[in-house]
Amino acid sequence: MASVLAVLLAALPASAVPVRPVATYSIVARDPATGELGTAVQSHWFSVGSAVTWAEAGVGAVATQSFIDPSYGPLGLQLMRAGRPAPDALKALLAGDEQREVRQVGMVDAQGRAATHTGSLCIPAAGGQQGREYVVQANLMEKPSVWPAMARAYEAAQGDLAERLLAALDAAETEGGDIRGRQSAAIVVVKARSSGRPWADRVFDLRVEDSPQPLAELRRLVHLQRAYNHMSAGDDCVAISDWNCAEREYGAARGLEPGNAEMAFWHGVALATAGRLDAARPLFAQAFAADPRWRELVKRLPGVNQLPKDPRLVEAILAIR
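Residues numbered from 1 in each chain as written. Predicted model: local features only at pLDDT ≥ 70, side-chain atom pairs only at ≥ 80, totals over all residues. Heavy atoms only, no water.

*Asks:* Which residues make up the overall build of the chain, and what are the values?
*Replies:* Counting secondary structure elements, the chain contains 12 helices and 10 strands. Principal axes of the C-alpha set define a box for the chain whose edges measure 75 × 45 × 35 Å. Residue burial in the chain is summarised as follows: out of 321 residues, 53% are buried. If you take every contact in the chain between residues at least 6 apart in sequence, the share linking residues at least 24 apart comes to 57%. When the accessible area of the chain is evaluated, it comes to approximately 14,100 Å², of which 53% is carbon and sulfur surface. On the chain, the mean spot of the 33 positive side-chain charges and the mean spot of the 35 negative ones are 2 Å from each other. (Helix = DSSP H or I, 4+ residues; strand = E, 2+ residues; numbered from the N terminus. Buried < 20%, exposed > 50% of the residue type's maximum accessible area, 1.4 Å probe, protein only. Contact = heavy atoms within 4.5 Å. Areas by Shrake-Rupley, 256 points an atom, 1.4 Å probe, with all protein chains shown as cover. Lys, Arg positive; Asp, Glu negative; His and termini not counted. Charge placed at Lys NZ, Arg CZ, Asp CG, Glu CD.)

See the structure below:
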């Protein structure tokens, strides 16, 4: 373990030069019920999520901010992956950083052990707070009540981990947030256990790079992602020709986004393939009204086994108005 730590610490610059502060409020957390890990952030800084938010299924989550050193993200995850509890991983990284007093970092590992650090030279109001399997931290805030408000909101919120992370961000903004205002936001949520396929382990990975209302836009994207998660599950069902499963998942997606033409189209395809053309008619009608090119797509699907090779069925679908 010592050799692993030495290699990771050697990757840190001996004398990092602080850049401008990414004034930020953030939360990292593990959901005790599901084991999901996540982090969410908002800042008056462009593309805050590209540097602050880090998470890996079965390992942990990190938020690195203030006069930011992005290496705390990947190196913190490497240390936790190697078996270091989050508090030990954070302590080790701080020990190797000559600029630790301008850093602000939060970490949580897959067992829910959490730690937060606010350096003495972070711009006030700055501070952090630890709770059960989560930490919140903020710097350059309008007032020092921001991070306690985040903690209260997270603990009181209902729903899955993403919903609770968003509640913490909303509470920070309600309390005054960044003294300079708002610009970007991000959220990452990963599964409790690694599948060995990192791309498949991300439940949410969303960023609002630049917006006058980044939290409202982030919440909209989370809602949309929930629908597309069902769409992806439906596509997996299609791949194995389980049309009942596809119908169920596409239907769940449409329940969240009933005005989405693409979701309507693929739900209609699943219903038609399962022999339920009458139920599919209004869905195809919705898609065709949105863009007539969906009709052309219908013609192409039988050749790749995405619709039955039944000319009468294709003709019936194309006749829908």
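*Asks:* Quick one: what's the story with unusual backbone geometry, residue by residue and with numbers?
*Replies:* Cis geometry marks the peptide bond from P124 to A125; its omega dihedral reads -5°. Here the phi dihedral of S66 falls at roughly 65°; this positive angle occurs in a residue that is not glycine. By the element assignment, S66 lies in strand 4 (residues 60-66). Phi is positive for L140, which is not a glycine, with a value near 55°. Examined against the element boundaries, L140 turns out to sit in the loop between strand 8 (134-138) and helix 5 (146-156).

*Asks:* Can you break down the pairing of strand 9 (residues 184-190) residue by residue, with the values?
*Replies:* Extensive coverage of strand 9 is indicated by the burial of 7 of its 7 residues. Here strand 2 (residues 37-43) pairs with strand 9 via 7 bridges, running antiparallel. Looking at the pairing, A40 lines up with I187 of strand 9. Note: strand 9 against strand 10 (residues 202-208), 6 bridges, orientation antiparallel. The residue of strand 10 that forms the bridge with V189 is F204. (Pairing = 2+ DSSP bridges.)

*Asks:* Outline the pairing of strand 3 (residues 53-56), listing residues and values.
*Replies:* Burial along strand 3 is one-sided: the face carrying T53 and A55 is buried and the face carrying W54 and E56 is not. Pairing analysis gives 4 bridges linking strand 3 to strand 4, with the strands arranged antiparallel. Paired with W54 across the strands is V62, a residue of strand 4. Connecting strand 3 to the next strand, strand 4, in antiparallel fashion are 3 residues, including G58 with a positive phi near 75°.

*Asks:* Break down the pattern of salt bridges for me, citing the residues and quoting the values.
*Replies:* This structure, assessed with the given rule, holds 19 salt bridges. In this structure, D205 and R202 form a salt bridge, with 3.0 Å as the shortest nitrogen-oxygen distance. Each of D160, E163, D170, R219 and R226 takes part in salt bridges that share partners, so that together they form one network. (Salt bridge = Lys/Arg side-chain N within 4 Å of Asp/Glu carboxyl O.)

*Asks:* Mind laying out helix 9 (residues 261-273), listing which residues take part and the relevant values?
*Replies:* With 13 residues, helix 9 should cover 18 Å at 1.5 Å per step; its first-to-last C-alpha distance of 18 Å lies within 8% of that length. Extensive coverage of helix 9 is indicated by the burial of 12 of its 13 residues. At its buried positions, helix 9 is contacted by helix 7 (214-239), helix 8 (243-256), helix 10 (277-290), helix 11 (293-300) and helix 12 (311-318). For helix 9, the side-chain oxygen to backbone nitrogen distance between the N-cap and E262 is 3.0 Å, and the N-cap itself is N260. Positive backbone phi, approximately 85°, marks G275, located one or two places after helix 9. (Expected span 1.5 Å × (residues − 1). Polar contact = N/O pair within 3.5 Å; in protein donor to acceptor, adjacent residues only side chain to side chain.)

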